[in-house]
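# Secondary and tertiary structure notes
Okay, here's what each chain looks like letter by letter:
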Amino acid sequence: MSLTIDRLLRFAAVTLVLSLLIQSVPGQTPAVLIRNATVVDGTGKAGFRGDVRIGKGKITAVGNLKPSRGEEVIDANGLVLSPGFIDIHNHSESGLLSEGTAANQVSQGITTLFVGPDGGSPWPIADYFAKVQGKIALNVGGFIGHGTLRSQVMKENLARPATEAEIAAMAELLERGMLDGAFGLSSGLEYDAGFSSTTEELIALAKVAARHGGSYMTHMRDEEEGVLNSIREAIRIGREAKIPVQISHIKMGNSSVWGKSGEAMAIIEEARRDGLDITADAYPYTAWASTITVLVPSRKHDDPAEVQKGINAIGGADKVLITSCRGYPQYEGKTLAEAAAIANTSPVEAYIDIVKKGGAGVVGFGMTEADVKSFYQTPWVMVSSDGGIGGRHPRGTGTFPRVLGRFVRENKWISLEEAVRKMTSLPARRLGLKDRGTIRKGMKADLVLFDPSTIIDRATFAEPQIISDGVNAVFVNGVVVWENGKVTGKLPGEVLKRK
Ligand SMILES: [Zn+2]
């Protein structure tokens, strides 16, 4: 092999040794020493220069270490070595079945993700676990979706509260899911499958998850005008079911609540002081992605006054980008304002027509940076992507590098160590993962090697699949799954079950 300029660059040693590892005998995970790393261990404490040894899928030593005979050595050249990122809210459920190497996930440093958020989960979850076992690059755990339970029991008849008998039937299914290793119950109360449920129904089911040591994770009923009351509902469910609560993708979702993140957090802080174990996660964007119907929380989708109110609340029809549209594929990539112009009608009429013809997936530019910043500066708010393989929102590919590149390096909102904590030990604690989320002897060797001076997201709303920069190598259970800007094809991921 001739010496090229590339070989002389800073990462030469990393590249060379990792290539050797990849060519090693399949199924074996040789002992590796990663030297001269800036170890950011996930606890939030200051990064330190050190070495990390891994073997048999675990971290076997941390400190100032000398290479052992025959050991592979990677010179990290001062790059940051952190625990692998844990994404508590991820939609890669079906993507993992067709793309187990999960390029857009591992490329941003994700080593563990959780499927089944927003009330929708694979069912039965044991079948899903069996399908992905041995075929995935990263670790996967799951939640049981409340909407999924409702669909199982109530079939198409979801626009009403469940009866006592139906709640009992759902509880039985949830019990089975928890015994199969799920980490808790997720709800998606803004979506059709969950919207008509009562708080009492959710409390009854959350009690089942609580009995098995699970948590209640919720996409709340309303993230706009009614967001503060929705937070109060989540707190009530947590208290009455005696279950830890995770508020999914916390946000101030339209102009009616902009600037109220402080109020929202004060409500949660008070519950925390009263002893409720409640935390939240947030993705690092000011635009959400959902179904077009969330714009009209009253659900009067053919009432022009209500629709106008919803469009006004987000700040106008130009703030709504249509990403998928069954009835009108020609609207995809256009704003609601542009779609109305194409149809030679008003945005209100265009909305009513789109909903009648099967609805649409939309991105709503409905948040302010100030609110996102205040959530990110809150210690109990963790990072999640709410994305996944093949999604239409750039968060699916860019979330974790975006936080490290923009929020840490450029905006200086939080320290690097705090950002890493929000991506690692904080979600691990919420999920009860005792052997992941920090760099310590005995922990699983899920690791990310990245350059804090270059890491950045590149995915955009126009091109949401562009891979991020600055992640040099990703280890899952001691095996390299990402390096040199490519997946290695290795599939060391495990199915994680609640213990
Ligand atoms: Zn959601």
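Each chain carries its own residue numbering, running from 1 in the direction its sequence is written. In keeping with the predicted nature of the model, local features appear solely for residues at pLDDT of at least 70, side-chain atom pairs appear and are counted solely at 80 or more, and the whole-chain, interface and lining totals rest on all residues.

What follows covers the overall build of the chain. Helix and strand definitions here come from DSSP, where helices need a minimum of 4 consecutive H or I residues and strands a minimum of 2 consecutive E residues; each element is numbered from the N-terminal end. Each helix and strand counted, the chain has 18 helices and 21 strands in total. Within these notes, the globule rule equals 2.2 Å times the number of residues to the 0.38 power, and the radius of gyration is based on C-alpha atoms. Taken over the C-alpha trace, the chain has a radius of gyration of 23 Å; the compact-globule value for 499 residues is 23 Å, and the two agree within 12%. The dimensions of the chain, computed from C-alpha atoms along their principal axes, are 75 × 50 × 40 Å. Our exposure labels follow a C-beta count within 10 Å of each residue's own C-beta, placed from the backbone: buried means 20 or more other C-beta atoms, exposed means 12 or fewer, and partly exposed covers the counts in between. When burial is assessed residue by residue, the chain has 55% of its 499 residues classed as buried. In the chain, the share of contacts with a sequence separation of at least 24, taken over all contacts with a separation of at least 6, comes to 75%. Two residues qualify as being in contact provided that their C-beta atoms, derived from the backbone, are within 7 Å of each other.

This part takes up the pairing of strand 7 (residues 110-115). Burial within strand 7 is extensive, with 6 of its 6 residues counted as buried. Being paired, for any two strands, means DSSP has found at least two bridges between them. Pairing between strand 6 (residues 85-87) and strand 7: 3 bridges, direction parallel. Considered in strand 7, the bridge of Phe85 is made with Ile110. In the sheet, strand 7 pairs with strand 8 (residues 139-142) via 4 bridges, with the strands oriented parallel. Its bridge partner being in strand 8, Val115 is matched across the sheet by Gly142. With respect to chirality, the unit in which strand 7 leads through helix 5 (residues 125-132) into the neighbouring parallel strand 8 is right-handed. Orienting the strands away from the viewer, one traces the path from the first strand over the helix to the second; a clockwise path indicates a right-handed crossover.

For the rest of this paragraph, the subject is the packing of helix 10 (residues 227-241) against helix 11 (residues 261-273). The packing of two helices is summarised by the inter-axis angle and the distance between the axes. Lines are fitted to the C-alpha atoms to define the axes, a helix being fitted only along its stretch in contact, and any angle between axes, read from their N-to-C directions, falls within 0 to 180 degrees. Interhelical geometry of helix 10 versus helix 11 gives an angle of 15° and a closest axis separation of 10 Å. When the axis of helix 10 is compared with that of helix 11, the two are roughly parallel. When the axes of helix 10 and helix 11 are compared, the crossing they make is right-handed. From helix 10, Val227, Leu228, Ile231, Arg232 and Ile235 reach across to helix 11, where they touch Glu263, Ala264, Ile267, Ile268 and Ala271. Any residue that is not Ala, Val, Leu, Ile, Met, Phe, Trp, Tyr, Cys, Pro, Asp, Glu, Lys or Arg is counted as polar, Gly included; the first ten are nonpolar and the last four charged. Here the contact of helix 10 with helix 11 is built from residues that sort into 8 nonpolar, no polar and 2 charged. Roughly parallel covers angles under 35 degrees, roughly antiparallel covers those over 145, roughly perpendicular covers 65 to 115, and oblique covers all other angles. Two helices that cross are described as forming a left-handed crossing if the nearer one is turned anticlockwise from the farther one by less than a right angle, and a right-handed crossing if clockwise.

Once that is clear, we can look at the confidence of the model for the chain. Low pLDDT means the predicted coordinates in that region are not meant to be read closely. Per residue, pLDDT captures the predictor's confidence, and it can take any value from 0 to 100. On average, the chain scores 94 in pLDDT, and the residues at 70 or more come to 94%. Within the chain, helix 1 (residues 5-8) has the poorest average pLDDT of any element, 44, and strand 6 the best, 99. Low pLDDT, under 50, characterises residues 1-10; the stretch is placed with 2 contacts to residues that sit more than four places away or in other chains. Segment residues 22-27 is flagged for pLDDT under 50; beyond a separation of four residues in sequence, or across chains, it makes 3 contacts in the model.

Packing of helix 6 (residues 146-154) against helix 7 (residues 164-179) brings their axes to within 9 Å, and their N-to-C directions diverge by 120°. By the angle between their directions, the pair helix 6 and helix 7 is classed as oblique. As for how helix 6 packs across helix 7, the hand of that crossing is right-handed. Note on element contacts: helix 7 touches helix 6 through Glu166, Ala169, Met170, Leu173 and Leu174, opposite Leu149, Arg150, Gln152, Val153 and Met154.

This next bit is on the environment of Val408. Note that Val408 resides in helix 16 (residues 395-410). In this structure, the C-alpha to C-alpha distance between Val408 and Ala182, residues 226 residues apart in sequence, is 33 Å. With residues up to four places along the chain from it excluded, the contact list for Val408 reads Val403, Ile414, Ser415, Leu416 and Ala419.

One open sheet accounts for 6 strands, arranged 9-10-11-12-13-17; its pairing is parallel. Looking along the sheet, the strands with just one partner apiece sit at the ends: strand 9 (144-145) and strand 17 (381-383). As judged from the 5 bridges shared by strand 10 (residues 184-188) and strand 11 (residues 215-219), these two strands associate in the parallel manner. The residue bridging Ser187 from the neighbouring strand is Thr218, located in strand 11. In the packing of helix 9 (residues 199-211) onto the sheet, the strands contacted are strand 10 and strand 11, and the crossing angle to strand 10 comes to about 150°.

Across the sheet, 3 strands lie side by side as 6-7-8; this open sheet has parallel pairing. Looking along the sheet, the strands with just one partner apiece sit at the ends: strand 6 and strand 8. On average, each strand axis in the sheet is tilted by 15° relative to the strand beside it, whichever way the strands run.

Before going further, it helps to examine helix 15 (residues 369-376). Those residues of helix 15 lying buried are Asp371, Val372, Phe375 and Tyr376. Buried residues in helix 15, looked at end-on, bunch into an arc of 135°, giving them a common side. Those residues of helix 15 that are buried lie in contact with helix 11, strand 13 (278-282), strand 17 and helix 16. Arc, as used here, means the arc of the directions from the helix axis to the C-beta atoms.

The two faces of the sheet receive side chains in turn, since in a regular strand these alternate between them. Counting buried positions along strand 16 (residues 360-364) gives 4 out of 5 residues, so the element sits mostly inside the fold. Both strand 14 (residues 288-291) and strand 16 contribute to a ladder of 4 bridges, which runs antiparallel. What sits directly across from Thr291, in strand 16, is Gly361. In this sheet, strand 16 lies alongside strand 15 (residues 320-325) in antiparallel orientation, the contact comprising 5 bridges. Looking at the pairing, Ser324 lines up with Gly361 of strand 16.

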